[in-house]
Amino acid sequence: MAVKIRLARHGSHKRPYYRVVVADARSPRDGRFIEEVGRYNPLTNPKTINLDIEKINDWKTKGAQLTDAVAALVRAVEEGPKTDTTVKKSKKQLAREAEEAKKAAEAAAAEAEGAEE
């Protein structure tokens, strides 16, 4: 019997939440499952991920295959919350900041010249 750890969709129209379940690969997406090993809610901010990693690892040792989505969730839980967020800047904004830095450096140099005299 091929066993997969996958997402089962629940919730109403356009308000999904997912259960992470261990199920026979032949059963339908939201159909019969063997065990529930977690939950995932993409609508909350930040996204809510509750997984029982011990059960997932136990099932993996028994031969269960993780789907790509569940593997990404497990990876996210193991890495922990993201702390560094980089803001992408446009070329115009980068050029403007470079020009401001250049003007500040010139002002500092002119001030240093005035202090020497």
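Residues numbered from 1 in each chain as written. Predicted model: local features only at pLDDT ≥ 70, side-chain atom pairs only at ≥ 80, totals over all residues. Heavy atoms only, no water.

Caption draft 1: Representation of the overall build of the protein within the structure. Looking only at helices and strands, one finds 3 helices and 5 strands in the protein. Shown N-terminal to C-terminal, the secondary structure of the protein runs as helices and strands in the order β-β-β-β-α-β-α-α. Taken against the 2.2 N^0.38 rule, which gives 13 Å for 117 residues, the C-alpha radius of gyration of the protein at 26 Å runs more than 25% over that of a compact globule. Relative to its 117 residues, the protein shows a buried fraction of 19%. A separation of at least 24 residues holds for 31% of the contacts in the protein among residues at least 6 apart in sequence. Summed over its atoms, the accessible surface of the protein is roughly 9100 Å², and 51% of this surface lies on carbon and sulfur atoms. In the protein, which carries 23 positive and 19 negative side-chain charges, the distance between the mean positions of the two groups comes to 15 Å. (Helix = DSSP H or I, 4+ residues; strand = E, 2+ residues; numbered from the N terminus. Rg over C-alpha atoms; globule rule 2.2 N^0.38 Å. Buried < 20%, exposed > 50% of the residue type's maximum accessible area, 1.4 Å probe, protein only. Contact = heavy atoms within 4.5 Å. Areas by Shrake-Rupley, 256 points an atom, 1.4 Å probe, with all protein chains shown as cover. Lys, Arg positive; Asp, Glu negative; His and termini not counted. Charge placed at Lys NZ, Arg CZ, Asp CG, Glu CD.)

Caption draft 2: Layout of helix H2 (residues 68-79). Relative to the 16 Å expected for 12 residues at 1.5 Å per residue, H2 spans 16 Å between its end C-alpha atoms, a close match to the ideal helical length. Every buried residue of H2 is listed here: Val70, Leu73 and Val74. Summarising the axial view, the buried residues of H2 lie within an arc of 100 degrees, below the 170-degree limit, and thus occupy one face. Projecting away from the buried face of H2 at angles above 90 degrees are the exposed residues Asp68 and Glu79. Structurally, H2 contributes buried residues whose contacts are with strand E1 (3-12), strand E2 (15-24), strand E3 (35-41), strand E4 (48-51), helix H1 (53-61) and strand E5 (65-66). Backbone geometry just downstream of H2 places Gly80 in the positive-phi region, at approximately 85 degrees. (Expected span 1.5 Å × (residues − 1). Arc of directions from axis to C-beta.)

Caption draft 3: Here's a closer look at the packing of aromatic side chains. A full pass over the atoms with the stated rule returns 1 aromatic pair. A ring pair is formed by Tyr18 and Tyr40, whose centres lie 6.0 Å apart and whose planes are at 25 degrees; its orientation type is stacked. With Tyr18 in strand E2 and Tyr40 in strand E3, this pair connects stretches of sequence that are 22 residues apart. With relative accessibility at 14%, the residue Tyr40 sits in the buried group. Between Lys62 and the ring centre of Trp59, over which it is positioned, the NZ or CZ distance is 4.7 Å. (Phe/Tyr/Trp six-rings, centres within 6.5 Å; stacked < 30°, edge-to-face > 60°. Lys NZ or Arg CZ within 6 Å of the ring centre and 35° of its normal.)

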